[in-house]
Amino acid sequence: MARPPDSLGQFEQLVLTAVLTLREDAYGVTIHAKVQELAQPKSVSLGAVYVTLDRLEDKGLVASWLSDPTPERGGRAKRCYRLEALGARALQESAVTAKRIWDEIAEVWGKELAREWGKRWGKEAG
Amino acid sequence: MTSRGPSKLAEALVAVFLPPACREETLGDLYERFTSPPRYLWDALRTVPLVIFSRMRRIVDLQIVVIQFVAWYLSVFSDVWLTHRALLGERSGLWRFAIPAAVAVVCLILDDTYAKPGRGPLAQRFLGPALGAAVALICCRTTLREWGGDLGPGVLGFLLSSGIRMWFPPITNQPQAANAPTDLVKQESAVTFADFRTFQRALAVATGVFIIAWMIARAAPPSRVVPALVALVAVYAAAGRIDGKG
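These numbers come from a predicted model, not from an experiment. (Residues numbered from 1 in each chain as written. Chains lettered and ligands numbered in written order. Predicted model: local features only at pLDDT ≥ 70, side-chain atom pairs only at ≥ 80, totals over all residues. Heavy atoms only, no water.)

**Q** Help me get a handle on the overall build of chain A, residues and values and all.
**A** Within chain A, the secondary structure is distributed over five helices and two strands. Its helices and strands in sequence order give chain A the pattern α-α-α-β-β-α-α, from N to C terminus. When the backbone C-alpha atoms are referred to their principal axes, chain A occupies close to 55 × 40 × 20 Å. Residues classed as buried in chain A amount to 42% of the 126 residues present. Of the contacts made within chain A by residues no fewer than 6 positions apart, 48% connect residues no fewer than 24 positions apart. Put simply, chain A shows about 7,400 Å² of open surface, and 55% of that area lies on carbon and sulfur atoms. Each charge sign in chain A was given a centre, from 19 positive and 18 negative side chains, and these centres are 1 Å apart. (Helix = DSSP H or I, 4+ residues; strand = E, 2+ residues; numbered from the N terminus. Buried < 20%, exposed > 50% of the residue type's maximum accessible area, 1.4 Å probe, protein only. Contact = heavy atoms within 4.5 Å. Areas by Shrake-Rupley, 256 points an atom, 1.4 Å probe, with all protein chains shown as cover. Lys, Arg positive; Asp, Glu negative; His and termini not counted. Charge placed at Lys NZ, Arg CZ, Asp CG, Glu CD.)

**Q** Break down the packing of helix H1 (residues 10-22) of chain A against helix H4 (residues 85-109) of chain A for me, with residues and values.
**A** All names here are of chain A. At their nearest, the axes of H1 and H4 sit 10 Å apart, and the two run at 120° to each other. In terms of their interaxial angle, H1 and H4 are classed as oblique. Between H1 and H4 lies a crossing of left-handed hand. Every residue of H4 that contacts H1 at Gln13, Leu16, Thr17 and Leu20 is listed here: Gly87, Leu91 and Ser94. Residue classes in the contact of H1 with H4 are distributed as three nonpolar, four polar and no charged. (Axes fitted to C-alpha atoms, helices over the stretch in contact; angles between N-to-C directions. Parallel < 35°, antiparallel > 145°, perpendicular 65-115°, else oblique. Left-handed = near helix turned anticlockwise from the far one by under 90°. Nonpolar A, V, L, I, M, F, W, Y, C, P; charged D, E, K, R; others polar.)

**Q** I'd love a proper account of the interface of chain B and chain A, names of residues and values included.
**A** Interfaces are often sized by the amount of accessible area the parts lose when they come together. Between chain B and chain A, the residue contacts involve 23 residues of the former and 28 residues of the latter. Interface area, chain B with chain A, both sides summed: about 2,300 Å², of which 50% is carbon and sulfur. The interface formed by chain B and chain A contains eight salt bridges. Counting every contact that joins chain B to chain A gives 14 residue pairs in polar contact (both at pLDDT 80 or more). Contributions of two or more residues to the side of chain B that touches chain A are made by helix H2 (23-32) and helix H3 (37-59) of chain B. Ranked by the residues each element gives to the side of chain B that touches chain A, the list is headed by H2(B), at nine residues. For the side of chain B that touches chain A, the per-class residue count stands at eight nonpolar, six polar and nine charged. (Buried area = accessible area lost by both parts, 1.4 Å probe. Salt bridge = Lys/Arg side-chain N within 4 Å of Asp/Glu carboxyl O. Polar contact = N/O pair within 3.5 Å; in protein donor to acceptor, adjacent residues only side chain to side chain.)

**Q** Kindly report on the nonpolar core, identifying the contributing residues and their values.
**A** Grouped burial of nonpolar side chains is what soluble globular proteins tend to show. The biggest cluster of nonpolar side chains holds 21 residues, and the ones touching the most others in it are A:Val15, A:Leu16, A:Val19, A:Ile31, A:Val35, A:Leu53 and A:Leu56. With residues near it in sequence (within four places) discarded, A:Leu16 still touches A:Leu8, A:Leu56, A:Leu61, A:Val62, A:Leu83, A:Gly87 and A:Leu91. (Core = buried A, V, L, I, M, F, W, Y, C linked by side-chain atoms within 4.5 Å.)

**Q** Explain the pattern of salt bridges to me, and be specific about the residues and the numbers.
**A** A complete count under the given rule lists 16 salt bridges over all chains for this structure. Between B:Arg58 and A:Asp54 there is a salt bridge, with the nearest N and O atoms lying 3.5 Å from each other. In this pair, B:Arg58 sits in helix H3 while A:Asp54 sits in helix H3 (residues 46-58), so the two residues belong to two different chains. Using a relative accessible area of 12% as the deciding quantity, one classes A:Asp54 as buried. As a salt-bridge pair, B:Arg57 and A:Asp58 come within 3.1 Å of each other at their nearest N and O atoms. Remark: A:Asp58 occurs in helix H3 and B:Arg57 occurs in helix H3; the pair is interchain, linking two chains.

Written out as structure tokens, the structure reads:
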């Protein structure tokens with residue numbers, strides 16, 4: 001019986017989102033690139049992504065396996081990741097909470113300002 | 001991305017510091033991100049410490065660490081109580097016993113962190129305590145100058161520590177997934193007949209490391225402790241390789 005997931009930290013949300021969007025191509029380098037893109041303008045180290053992936057794996061939110069070795073990696077295998085059902089649920093809860101926060105902010109400060117923010121940070125306001 | 005890769009030397013250097021359980025994928029990722037040698041080293045410097053930390057976080061059980069520390073502390077304390085009771089009355093005497101104990105526990109943690117995933121369970125339970133005992137003996141020599149260099153703290157610490165590891169085996173062989181089938185985890189913990197050959201080797205290695213450490217602790221002045229430690233770790237690493245091939 002799967003226990004309900006703990007609430008996710010912001011960086012965990014970014015990593016889970018990267019694993020979700022990359023699907024079959026989710027491994028260290030691609031996940032790091034995607035997280036870097038999502039976390040702009042902050043800089044993210046590859047090591048921080050590894051630590052978070054390990055923690056998410058321990059919580060049962062993602063699963064990993066080693067792929068076959070490839071020549072572009074010097075004949076070394078990739079550790080690929082996929083989102084588990086528990087991880088999908090945790091990410092869904094986080095997204096709903098983020099949406100609620102966004103709606104509340106837009107309500108108080110006005111939709112125009114919210115849209116302005118969205119453009120400023122490179123995202124379309126909802 | 002470029003087809004050129006890092007030099008073999010740079011890769012070998014990085015590989016030394018990476019725990020074997022995550023060496024393959026980390027080296028592969030660093031290789032794939034390679035653009036220039038300085039950039040590779042900078043990437044490795046930023047990545048490797050966090051990989052080591054993450055591996056330690058995964059395998060270290062804080063409760064077991066505390067139990068191990070108490071066991072090692074009691075080993076040093078009981079030896080001093082039996083043989084050099086005057087040390088107990090000294091100012092900060094009791095605190096000084098904590099240094100060899102802490103060093104031994106650090107050795108155990110490092111042994112688990114750098115254990116090869118395929119290492120036999122019995123070797124896994126003896127090699128760490130053997131290294132811990134050896135380093136604790138050498139450490140006793142530097143922190144407790146009045147201590148005569150007898151085997152007491154090492155023997156007792158080794159016995160207690162390996163006993164604790166038998167009851168609570170380290171999880172270094174566990175697959176890198178928390179939700180791995182329970183069968184795999186059980187398979188790892190079960191002791192099979194083939195393990196007894198590993199047991200004999202582990203016991204021989206433990207005895208060898210132990211004797212060397214005892215000789216160093218008895219004979220070498222404190223200034224020779226660092227080279228002695230380097231030699232000891234080299235012997236230990238060689239023993240680990242032999243064990244891995246077995």
